Amino acid sequence: QVQLAESGGGLVQPGGSLRLSCVASGSIFAIATMGWYRQAQGKQRESVARIGNSGSTDYADSVKGRFTISRDNTKNTVYLQMNSLKPEDTAVYYCRVLLKTSWSSMINEYWGQGTQVTVSS
């Protein structure tokens, strides 16, 4: 069993900042890619940022220069620092992790339960 626990969402004014965290726990052998996705009301879920186990990153064009993804492999945790937030960043943010639960297992994906981010004055 693997659990992902997200935190850090909330209400913030335009131009403000938030930091999301996602901790993976349970039966974990090795973690590959960690990432953040978001889904605004009435829209499809979209990728926001991803980070590989070597530290390589990629971002959606809409958040480049404003959001920074990072990870702490000693804590099985991925972070998303969000600066200069805009109303269009309002969405439920989900953590997604690709990992193996044993040496012989396949890589599987796991999702967090989501955390609401609302950007409004």
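Refer to the structure printed above.
As a starting point, this report considers the structure included with it.

Thresholds applied
Residues numbered from 1 in each chain as written. Predicted model: local features only at pLDDT ≥ 70, side-chain atom pairs only at ≥ 80, totals over all residues. Heavy atoms only, no water. Pairing = 2+ DSSP bridges. Helix = DSSP H or I, 4+ residues; strand = E, 2+ residues; numbered from the N terminus. Axes fitted to C-alpha atoms, helices over the stretch in contact; angles between N-to-C directions.

**Some thoughts on the pairing of strand β5 (residues 46-51)**
Bridge count for strand β4 (residues 30-39) against β5 is five bridges, and the pairing is antiparallel. From the neighbouring strand, R38 faces β5, where its bridge partner is E46. The antiparallel hairpin formed by β4 and β5 contains six residues in its connecting segment, where G42 sits at a positive phi of about 80°. In the sheet, β5 pairs with strand β6 (residues 57-59) via three bridges, with the strands oriented antiparallel. Bridge pairing in β6 places I51 opposite T57.

**Quick notes on the sheet that holds strand β8 (residues 77-82)**
Strand order in this open sheet of four strands is β1-β3-β8-β7, and the pairing throughout is antiparallel. At either end of the open sheet lies a strand with only one pairing partner, and these are β1 (2-7) and β7 (67-72). Geometrically, the sheet is characterised by an average inter-axis angle of 15° between neighbouring strands, direction not taken into account. Here strand β3 (residues 18-26) runs beside β8; their pairing, made up of six bridges, is antiparallel. Across the sheet, residue L18 finds its bridge partner in β8, namely M82.

Worth remembering: the numbers are spatial, not functional.
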